[in-house]
Amino acid sequence: MNGYENDTKPKKRFVQIDRAGHLVFSDLCAIGASQGGILAIAQKYNVTNANLLATLGTDGCVAKSNYTPITPQQGWDIVNYATSAALEETLMCSPAMAAKLAG
């Protein structure tokens, strides 16, 4: 084994986003929101087996008994911030932004 495999430990970041669906980083909840969402559009146009995607197509998009999801824009803002912070730390050798992720 070389030194990279033995000695180099990758920096890792875990960002938990409360009240977010599985695909919070995507535009899943924003697609066709004014038309009832992506699942409603698929059903309207008789997309084959659209109902099989019901859970994925609404994950984090609709309120549930235990939480109200964040808006797509809030999710994108958090993901963009965390991504930028990690890139600044790595590419610009600037740990200041990444240190803020702990908060």
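Quick look at the structure, then.

Calculation notes
- Residues numbered from 1 in each chain as written.
- Predicted model: local features only at pLDDT ≥ 70, side-chain atom pairs only at ≥ 80, totals over all residues.
- Heavy atoms only, no water.
- Patch = residues over 30% accessible without salt bridge, like charges linked within 9 Å, V, L, I, M, F, W, Y side chains within 5 Å.
- Areas by Shrake-Rupley, 256 points an atom, 1.4 Å probe, with all protein chains shown as cover.
- Salt bridge = Lys/Arg side-chain N within 4 Å of Asp/Glu carboxyl O.
- Helix = DSSP H or I, 4+ residues; strand = E, 2+ residues; numbered from the N terminus.
- Disulfide = S-S within 2.5 Å.
- Buried < 20%, exposed > 50% of the residue type's maximum accessible area, 1.4 Å probe, protein only.
- Polar contact = N/O pair within 3.5 Å; in protein donor to acceptor, adjacent residues only side chain to side chain.

The grouping of Leu52, Leu53 and Leu56 at the surface amounts to a nonpolar patch, some 320 Å² of accessible area in total. Structurally, leucine 56 is set in helix 3 (residues 54–58).

Glancing now at the state of the cysteines. Scanning the model with the defined rule gives one disulfide in all. The disulfide that involves cysteine 29 links it to cysteine 61, with 2.0 Å between the sulfurs. As the torsion about the S-S bond is roughly -85°, the cysteine 29-cysteine 61 disulfide counts as left-handed. Of the two residues, cysteine 29 is situated in the loop between helix 1 (3–7) and helix 2 (38–44) and cysteine 61 in the loop between helix 3 and helix 4 (72–91); the sequence distance between them amounts to 32 residues. According to the relative accessible area criterion, cysteine 29 is partly exposed, its value standing at 23%. The exposure class of cysteine 61 is partly exposed, given its relative accessible area of 27%.

Mapping aspartate 18 onto the fold places it in the loop between helix 1 and helix 2. Here aspartate 18 falls in the exposed class, since its relative accessible area comes to 52%. Considering only alpha carbons, one finds aspartate 18 and isoleucine 70, 52 residues apart in sequence, at a separation of 8.0 Å. Within the structure, the side chain of aspartate 18 is placed 3.0 Å from the side chain of glutamine 16, a separation counted as a polar contact.

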